[in-house]
Amino acid sequence: MTKNSAATPHIRDAVYSTSSALALSVVLTVAASAQEALPAIEIGVASGGSNAASSGAPLSPQLARPDLQPDNVANLARVATSSRSHTQTFTRQDIEELNPQDVFGLLRNATSILVTYQGRKFPNNLKFRGDGNFGFIVDGAYVSAQTAGLMMQSLPVSALDQVDVVRDASALTLGPLVDFGSSSGALNSGFVVVRTHTPQENEMELRTAAQSYGGVLGSVYGGYVFGKKPGEIPAYISGFVKKSSDDGPDRFSNWNDTVSGLLKGGFTVGPLDTSFTLFQSSSRYGFQQGTFGEQTASTLAQKWGYSPIESTFLSWNSTFRWDEHNVSLLTLAYTRTEDNNVLASFTSPNLTVANEQGYTGQINARHSFTYDGTLAQLGLQYVNWASPSGQTSNVGYARKEDTLSGYGNFEQKLFEDRLIFDASFRLDDHFDYVGVDTAGTTKYFYNRGFPLAVNYAGGATVRPLQGWGIGEMGASLGAYNPLEGLANISFSGRYSHTEQSDMSGIIAESNVTLLPEKQDKYEAGVKIPVFRWFTPEVTYFDTEIQNNKQPSRTVTVNNNNVTYWTQGNTSRKGIEAVATGVLQDELLGKTTYRGSYTRLTEVYSNSLGTYDWLNPYRFQTPRTQINFALTHAWDRFTGTVALNHVSMYWSNGFAADGLYHQVGNYTTLDANIAYKFQLMDWDARLSFYGRNITNKRYETIYTYKAWGAVWGSELKLSWGEHSSPAPLPGMAAPARADDAASPWSGLYAGLNAGGLFGDGHGVNTVPGTSTILGDAYDDKGAVGRPATFFGRASASSAASTIPLGVGGGVGGAQVGYNWRFRPDVIGGLELDLQGVAGGRASGSSLRSASEPVTGANVATSTAVTKSLAYLGTARGRVGYLVAPTLLPYLTAGLAYGEGGFSTSLMQSSTAASFAPNGGTIGSSSIRIGWAAGAGGEWMFRQSWSAKLEYLRYDLGNQGAYGIMAGYNQTAAGNPALYGAAVISSSRLAGHVLRAGVNYHFE
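Residues numbered from 1 in each chain as written. Predicted model: local features only at pLDDT ≥ 70, side-chain atom pairs only at ≥ 80, totals over all residues. Heavy atoms only, no water.

Draft legend 1. Representation of the overall build of the protein chain. Per the secondary structure count, the protein chain includes ten helices and 45 strands. Residues counted as buried form 54% of the 1002 residues belonging to the protein chain. Relative to all contacts within the protein chain whose residues are 6 or more apart in sequence, the contacts with residues 24 or more apart total 70%. Of the roughly 40,500 Å² of accessible surface on the protein chain, 60% is carried by carbon and sulfur atoms. (Helix = DSSP H or I, 4+ residues; strand = E, 2+ residues; numbered from the N terminus. Buried < 20%, exposed > 50% of the residue type's maximum accessible area, 1.4 Å probe, protein only. Contact = heavy atoms within 4.5 Å. Areas by Shrake-Rupley, 256 points an atom, 1.4 Å probe, with all protein chains shown as cover.)

Below you can see the structure in the form of structure tokens.
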């Protein structure tokens, strides 16, 4: 069934016309309608949600938002009932308890999902049950895997209400199964569905965090809900801004600096609900450098990054309830990614910048009809993807593709919902206007119509014991009644089939007959909620792909590159076991858990070899994955521990020897503990977290190691109309007579000034090592040219220690809050920020070394600078009132500041062959460290106090790495004469002595 590409424009005109007519009819009907908004339509399940105008305390997003409820047809990501055993949901509460770095960090906790990372243009990738083809759905809009890999790491997880992982690719209503940027048209194997936060009340949130490797974060959020009075139009608007940065581990070159913002709004007019989402981010980050000794020298030398990469996402969703049986959904969306890919080098001054862009536009229209346990859904979707400059591995090669889809889903509930049948179909008409085949390192351009992808699926869910009163038989057993769970036992089964006829206009290898591609997927599951503390669920899956097309080689014919194709069969089978439960929620708080185990029992592909045990495909995917998360909440404390295990598999990503190497085979442990309290009118949440606390430097792609352990702390302040925060110890204590007359309790703010004195830590420059140079590179000589040791002489003369102490005046402000724990004991928290005047120092040195063969002298002139732009602290204080107006105290906490240093080296030699060289290395970043000290505060009049304070601060080490290299300027061909790696570092620490004045508020 070869596609007629000539008809494609007319088909696309039809979908534009149909969708436009649907949108226009919705608007006209709303304008003419005076009826009240109807409740959200579900199938056999009453809505438990509320809207923005509801009174009382807000519900969780999963209850308040119809579009998050799994059985509600207003949910754009709704999947058929038989697919839900293959879906995992992370709620807003789950995300807060796990506290991941980003969306990809969250997905490491998902069943059967492998998250991989590489320090390249496309850093983050996923594998669903061993397959690397997937898509994202963000607020109803489809986002391709390539676009998601560039954009999603900058989307703040604190701005999300829910993330669903759909491991079932036969969920045919979600998005195109043919992804973009795939020359073979490989089908998606799953979807990640992301929903951003919608406010249910007037609310505000402030966050700040600091973590290892110089990581800092700050964010501000606000949401406002309109239409709370009768007759007003319900509406909402919210905004979110986040700034974050990281230095990354030394010699990883994996720094980042990101600013992102999210604007969201919506309104309800009669039967029409409309919302929009606008997300914008701008990031600058360096690509992680590979591991010395593992990666090729040419790749190690690449000092690449994005400066910047900008992402824009805009979606518009409308839901129109015609009556109690009919609901229409319309989604319009636009996505843009644009970057300046900076291509620099660690070994040369050469630098180029490539500008890359990618754009996606789409429209999706769906109508749902429900009646007496019957659901029928029909939809049209059109997605257009274009990259005029090319992106990632295809930069410089323009690309343009689109997909027109029609889909439907039908469900029927029988026997009082004990039996649910579902059937669905999807037709994906994919066309590549400009595409690229890659075989080896050669690229071939084409204009090709893909075959129509015909997808259909069917399934059933059976709850045989539901509704027979079995649960009531054990009612006397209370919360741990096993019969109640037994009544809800369910079985599900699902089958899907996909066909694609052979692609037009491609050439097969001489011994290959290209046949139509077919995919068959089988899934079966059982869920047994026998006990509240143990609810097991087991799923078996089997994916069989026949005649999967792949480019094999490229040849030149009449000065044109022509790609030859082959095909192969792929099989993946496995089992997933999941257990959840509440261990206890009575005496010692509440303890919950979720554990999952995935085992791929069979993995092979004969397109990469034979069907034997040594087939490389079977080794490129981990056979076993384990996830386990345990959360305990007690009083104001919440703690979560999450484990992730991935078995060994093989990777050859950029390996120096070109061979496959073992990766994976790791177990990581994350921990997060939080304490909630009241800070004035705000709900406060102070958390301490550790990621990969076992400090595993594992690899998911060969040569790219994980950072190791990351430790951090976060403070969140939130306010809502119905907040009911828990007070800090002492805040709710009965008032004492002396409290009324004492100004020591409560909020205060003031100014300070003083001096900062560096402790003499200088800038140290020492010889380094590298895989490219070893300890140093020396000319091995040739005929007529003796071997020399200028590399070692260069490294020796570059070594220096130049003592520098940054000092100057400081001035700034502080704000704090005091609590009176006992009549004479005062404790509190204080934040301050000071600018540093004259906080810059410089120095220089001149050193030389002799080259032993020629006796020539190599001299290095070194000039260094060291600076501190500002210094701030976040500290606790505790003091004792030796008199009613005199408080001596001790203090300790975090310190932060923007510090920098630079080292400029210039080398020359008395040898005529030695070409002079020079350069500057250094670092400037926000540093996180500690501060501790003591002081005294005097209440010299009512509400006013003066203080004198000493602090010792330490912001840690900064380091930079560079290479000194030169050529022989007198020898024929100018061969390399010398090379030396140098490491320069500086410690930023010192002392502060300052005086201040505070005003204590009533």
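Draft legend 2. Up close: the pairing of strand E28 (residues 637–651). Pairing between strand E27 (residues 624–634) and E28: ten bridges, direction antiparallel. Along E28, the bridge assignment pairs Ala633 with Thr638. Between E27 and E28, which pair antiparallel one after the other, the connecting turn spans two residues, and Asp635 there sits at a positive phi close to 55 degrees. By the bridge criterion, 14 bridges tie E28 to strand E29 (residues 661–679) in an arrangement that is antiparallel. Looking at the pairing, Tyr649 lines up with Val663 of E29. (Pairing = 2+ DSSP bridges.)

Draft legend 3. Structural detail: unusual backbone geometry. Cis rather than trans, the peptide bond between Ser307 and Pro308 has omega equal to -5 degrees. One can find Pro308 in strand E13 (residues 302–321). Of note in the backbone geometry, Ser253 takes a positive phi value of approximately 55 degrees without being a glycine. Positionally, Ser253 belongs in the loop between strand E10 (235–246) and strand E11 (256–269). Since its relative accessible area comes to 18%, Ser253 is described here as buried. With a phi close to 55 degrees, Asn692 is a non-glycine residue in the positive phi region.

Draft legend 4. Seen up close, the nonpolar core. Leu107, Leu126, Phe136, Met152, Val163 and Val194 are the most contacted members of the largest nonpolar core, which has 36 residues in total. Ranked by the residues each element gives to this core, the list is headed by helix H4 (residues 103–107), at four residues. Not counting residues up to four positions away in its chain, the partners in contact with Leu107 are Ile113, Val115, Leu126, Phe136, Val163, Val165 and Val192. In terms of nonpolar packing, the next biggest core, distinct from the first, is built from 18 residues, Val79, Tyr142, Ala171 and Leu177 among them. (Core = buried A, V, L, I, M, F, W, Y, C linked by side-chain atoms within 4.5 Å.)

Draft legend 5. The arrangement of the sheet that holds strand E6 (residues 160–166) in detail. Strand order in this open sheet of five strands is E1-E6-E7-E4-E5, and the pairing throughout is mixed. Taken across any chain shown, the strands that pair with only one partner, and hence form the sheet edges, are strand E1 (87–91) and strand E5 (141–144). The sheet shows a mean angle of 20 degrees between the axes of neighbouring strands, taken without regard to direction. (Axes fitted to C-alpha atoms, helices over the stretch in contact; angles between N-to-C directions.)

Draft legend 6. Looking closely at the environment of Lys549. Following the sequence through the fold, Lys549 ends up in strand E24 (residues 535–557). Placed 33 residues apart in sequence, Lys549 and Pro516 show a C-alpha to C-alpha distance of 9.3 Å.

Draft legend 7. Spatial organisation of the packing of aromatic side chains. For the structure on display, the rule yields 22 aromatic pairs. Ring plane angle 20 degrees and centroid distance 4.9 Å describe the contact between Phe531 and Trp533, whose orientation is recorded as stacked. Through a chain of ring-to-ring contacts, the aromatic side chains of Phe104, Phe128, Phe134 and Phe136 assemble into a single cluster. Here the basic side chain of Arg129 rests over the ring of Phe541, its NZ or CZ set 4.3 Å away from the ring centre. The side chain of Arg877 reaches across the aromatic face of Tyr889, ending 4.4 Å from its centre. (Phe/Tyr/Trp six-rings, centres within 6.5 Å; stacked < 30°, edge-to-face > 60°. Lys NZ or Arg CZ within 6 Å of the ring centre and 35° of its normal.)

Draft legend 8. Broad picture of helix H10 (residues 790–798). The element H10 is extensively covered by neighbouring structure, given that seven of its nine residues are classed as buried. Regarding H10, the residues found buried are Phe790, Gly791, Ala793, Ser794, Ala795, Ser797 and Ala798.

Draft legend 9. Up close: the confidence of the model for the protein chain. Chain-level statistics for the protein chain give a pLDDT mean of 80 and a share of 81% at 70 or above. Across the protein chain, the secondary-structure element scoring lowest on mean pLDDT is helix H1 (residues 8–32), at 38, and the one scoring highest is E27, at 95. For the stretch residues 1–56, pLDDT sits under 50, and the model shows 101 contacts to residues farther than four places along the chain or on other chains. (pLDDT = per-residue confidence, 0-100.)

Draft legend 10. A look at a nonpolar patch on the surface. Together, Leu751, Tyr880, Val882, Leu886, Trp938, Phe940, Trp944 and Val997 make up an exposed nonpolar region whose accessible area comes to about 770 Å². Along the chain, Val882 turns up in the loop between strand E41 (857–880) and strand E42 (886–909). Residue classification places Val882 among the exposed positions, given a relative accessible area of 52%. (Patch = residues over 30% accessible without salt bridge, like charges linked within 9 Å, V, L, I, M, F, W, Y side chains within 5 Å. Salt bridge = Lys/Arg side-chain N within 4 Å of Asp/Glu carboxyl O.)

Draft legend 11. Geometry of the pattern of salt bridges. Across all of its chains, the model carries 42 salt bridges by this definition. Of the charged contacts in the structure, one is a salt bridge between Glu96 and Arg685, with a shortest N-O distance of 3.5 Å. Of this pair, Glu96 sits in helix H3 (residues 92–98) while Arg685 is found in strand E30 (residues 682–691), placing the two residues 589 residues apart along the sequence. Given the relative accessible area of 23%, Glu96 is considered partly exposed. Its relative accessible area of 6% is what places Arg685 among the buried residues. Among the ionic pairs, Arg877 bridges to Glu937, the shortest N-O distance being 3.1 Å. Note that Arg877 is positioned in strand E41 and Glu937 in strand E43 (residues 917–941), a separation of 60 residues in sequence. Judged by relative accessible area, Arg877 falls into the buried class, the value being 6%.

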